[in-house]
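Inside the fold
Spelled out from the first residue to the last, the chains are:
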Amino acid sequence: MILKITFFCYTILVFAMALATIAENGNGSAYAHSCYYGTWWFASLWAAMAMCGVCVYVRMRPRLRSLPSILTHLALVIILIGAGITRLTAERGTLELAKGDVMSMYVNNEDGAYMDMPLTMSLDTFRIERYPGSMRPSDYVSEVEIVDDETGEASKATISMNNVYEHGDLRFYQMKYNPQRGVSTLAVNDDMAGTAVTYTGYGMLFLGLLLCMVQRACDRKRMAVMLMVLLSTAMLAIWFNTSYLDANEVEPVLRTGFFGIHVSLMIAGYSLAICAFVASLVALVSKRGVTAMHRWLLVGSVAMSAAGIFVGAIWANVSWGCYWSWDPKETWALITLMVYAVPLHVRLLPAFSQPQVYHLYIVISLVSVAITYWGVNMLLGGMHSYA
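Here goes a summary of the coordinates provided. (Residues numbered from 1 in each chain as written. Predicted model: local features only at pLDDT ≥ 70, side-chain atom pairs only at ≥ 80, totals over all residues. Heavy atoms only, no water.)

**What about helix α3 (residues 40-59)?**
- Taking 1.5 Å per residue, 20 residues should reach 28 Å; α3 reaches 28 Å between its end C-alpha atoms and fits that length.
- Of the residues making up α3, those classed as buried are Phe42, Leu45, Trp46, Met49, Ala50, Cys52, Val56 and Tyr57.
- Where α3 is buried, its residues contact α1 (2-27), α2 (29-37), α4 (67-89) and α9 (328-341). (Helix = DSSP H or I, 4+ residues; strand = E, 2+ residues; numbered from the N terminus. Expected span 1.5 Å × (residues − 1). Buried < 20%, exposed > 50% of the residue type's maximum accessible area, 1.4 Å probe, protein only. Contact = heavy atoms within 4.5 Å.)

Next up, the structure:
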């Protein structure tokens, strides 16, 4: 019964997120958040799935619970707890700085109320850095002066894209600049507790996923494939962060080391999903069984995609002060991850031990990859429209 409830919540969440992205495309992000992502039933589904999933896992035979599996599933629960803490306790707002103004409060995004800060901040200068020989911006930079309320100590700081200023529990992020008003707008975030718990989950997840890949690559052939995938991903990340960024006038938010790592991991994950699709399609036509390599391709795809998603979340938190915003691209990446994670639980879902069921599922699942990688850009838009 608990397993059925878990699977029910899991399935409803996948379809709800897909519907939310479609609704957002027609009605805007505020509508999607008020009718889907920000509702009590959406949060309750995540909570119910997590609690039931933990019960299912605890009731499994101890010999079926390996260290990589324990780390990965525990990490997911911790990430959800962190998200819950963020939702319940985080304070987010905006601070508008005009040259000469001394500000000691920011505006809360939820209710428009003014929130006191343990400091005063004033804008010295704002500048737009541009690519050589071009008018295209490469960075937005605010030079500010801060006076601590408690000590009276004055200091200066530079706040720019991907360069956050921290003061106690508050984090300040560069958002935009209005040249007509001469106002630099900073995002303000107070979410130390939620971020700490969530990042702990991320660290455990990365370790668990790596161990899962190593555990499945127990012979030379699969170990060689795994090493090739990891090496190719590392080389691709280096290329993105060096040659690609040097040769292209990208958006300021993309000028960070997170860019190459995030994109490379996602490309690796979806490339392995395509390989799994081809392998399963061949197996369907030739009526072959499910081999260890079939399973490893799936594990590798899920591991690399999951790592890519959560590196992207860390990057978003560094850039915007919010590690998850339910943008259509990131939402569909999560949907795809959840779709591909299902056949990994063959002990709980024995239907996937049947070759035809497994291979057919993998073949159909490529539709989700196609929507995530191409469909969102063409049809749904969002913050990742440049991706």
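**Observations regarding a nonpolar patch on the surface**
- A cluster of nonpolar side chains, contributed by Tyr373, Trp374, Met378 and Leu379, occupies part of the molecular surface with about 500 Å² of accessible area.
- Residue position: Tyr373 is located in helix α10 (residues 355-380). (Patch = residues over 30% accessible without salt bridge, like charges linked within 9 Å, V, L, I, M, F, W, Y side chains within 5 Å. Areas by Shrake-Rupley, 256 points an atom, 1.4 Å probe, with all protein chains shown as cover. Salt bridge = Lys/Arg side-chain N within 4 Å of Asp/Glu carboxyl O.)

**Considering the pairing of strand β1 (residues 91-98)**
- Sheet analysis places β1 next to strand β8 (residues 183-190), joined by eight bridges and oriented antiparallel. The residue of β8 that forms the bridge with Glu91 is Asp190.
- Strand direction decides the pairing type here: β1 and strand β2 (residues 102-108), joined by two bridges, are antiparallel. Across the sheet, residue Thr94 finds its bridge partner in β2, namely Val107. (Pairing = 2+ DSSP bridges.)

**Observations concerning α4**
- Between its first and last C-alpha, α4 extends 32 Å over 23 residues, near the 33 Å set by a 1.5 Å rise per residue.
- Taken together, the buried positions of α4 are occupied by Pro68, Ser69, Leu71, Thr72, Ala75, Ile78, Ile79, Gly82 and Thr86.

**Observations regarding the environment of Leu284**
- Take Leu284: it is sitting in helix α7 (residues 257-286).
- Put simply, Leu284 and Val363 are 79 residues apart on the chain and 9.3 Å apart in space, counted from C-alpha to C-alpha.
- Ignoring any residue separated from it by four or fewer positions in sequence, one finds Leu284 in contact with Gln356, His359, Leu360 and Val363.

**Brief notes about the packing of aromatic side chains**
- Taken as a whole and judged by the stated rule, the model has 21 aromatic pairs.
- For the ring pair Phe42 and Trp46, a centre distance of 6.3 Å and an interplane angle of 75° mean the geometry is edge-to-face. Of the two residues, Phe42 and Trp46 both sit in helix α3, four residues apart, roughly one turn of that helix. Across the pair, Trp46 and Phe42 agree in class, each one buried.
- Following the ring pairs from residue to residue traces out a cluster consisting of Tyr36, Tyr37, Trp41, Phe42, Trp46, Trp324 and Trp326.
- Sitting over the face of the ring of Tyr358, Arg295 holds its NZ or CZ atom 4.4 Å from the ring centroid.
- Above the ring of Tyr373, the side-chain terminus of Lys329 is found at 5.7 Å from the ring centroid. (Phe/Tyr/Trp six-rings, centres within 6.5 Å; stacked < 30°, edge-to-face > 60°. Lys NZ or Arg CZ within 6 Å of the ring centre and 35° of its normal.)

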